[in-house]
Amino acid sequence: MTITVSQDIVQALRLPPDAVAAELQRELAVALYQRGILSSGKAAALAEMSRWEWEELLGARKIPRHYADEDLDQDIAYAARS
């Protein structure tokens, strides 16, 4: 899939030209994750970041993780089985 951004918008961005595509992809991933449209893992993949880099980005931006009590219970049960 390709998203087209007009040249005037690209030029208006305060980013080095070689960083525009990666930054826009990262911003899209963050926005979709914040809205609950993408999971953390898929958003990290869209942003082309490792899980560790993704978690650091979320922390730096103070974006809450989508992690409910049920998720914790599942993680504890999984760890106990291992």
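Residues numbered from 1 in each chain as written. Predicted model: local features only at pLDDT ≥ 70, side-chain atom pairs only at ≥ 80, totals over all residues. Heavy atoms only, no water.

Caption draft 1: View of the packing of helix 2 (residues 20-34) against helix 4 (residues 51-60). Here helix 2 crosses helix 4 at 70°, and the two axes come no closer than 12 Å. For the element pair helix 2 / helix 4, the angle class is roughly perpendicular. Residues R26, A29, V30 and Y33 of helix 2 form the contact with helix 4, whose own contacting residues are W54, L57 and L58. Looking at the contact of helix 2 with helix 4 residue by residue, the class counts come to six nonpolar, no polar and one charged. (Axes fitted to C-alpha atoms, helices over the stretch in contact; angles between N-to-C directions. Helix = DSSP H or I, 4+ residues; strand = E, 2+ residues; numbered from the N terminus. Parallel < 35°, antiparallel > 145°, perpendicular 65-115°, else oblique. Contact = heavy atoms within 4.5 Å. Nonpolar A, V, L, I, M, F, W, Y, C, P; charged D, E, K, R; others polar.)

Caption draft 2: Just helix 2, in detail. Taking 1.5 Å per residue as the helical rise, helix 2 with its 15 residues ought to reach 21 Å, and the 21 Å between its terminal C-alpha atoms agrees with that figure. Taken as a whole, helix 2 has its buried residues at V20, A29, V30, L32 and Y33. As for helix 2, its buried residues are in contact with helix 1 (7-12), helix 3 (40-46) and helix 4. Directly beyond the C-terminal end of helix 2, a positive phi value near 80° is found at G36. (Expected span 1.5 Å × (residues − 1). Buried < 20%, exposed > 50% of the residue type's maximum accessible area, 1.4 Å probe, protein only.)

Caption draft 3: Spotlight on the environment of T4. Among the structural elements, T4 can be located in the segment before helix 1. Accessibility expressed as a relative area gives 73% for T4, which makes it exposed. Separated by 73 residues in the primary sequence, T4 and A77 have C-alpha atoms spaced 45 Å apart.

Caption draft 4: Spotlight on the pattern of salt bridges. All chains considered together, the criterion is met by four salt bridges. A salt bridge links R61 to E27, with the shortest nitrogen-to-oxygen separation between them at 2.5 Å. Within this pair, whereas R61 is found in the loop between helix 4 and helix 5 (69-81), its partner E27 is found in helix 2, the two being separated by 34 residues in sequence. Judged by its relative accessible area of 35%, R61 falls in the partly exposed class. In this structure, R65 engages E55 in a salt bridge whose closest nitrogen and oxygen atoms are separated by 2.8 Å. On the criterion of sequence distance, the pair formed by R65 in the loop between helix 4 and helix 5 and E55 in helix 4 is long-range, its members being 10 residues apart. Among the residues examined, R65 registers a relative accessible area of 38% and is labelled partly exposed. Counted as one network, the salt bridges with shared partners bring together R51, E55 and R65. (Salt bridge = Lys/Arg side-chain N within 4 Å of Asp/Glu carboxyl O.)

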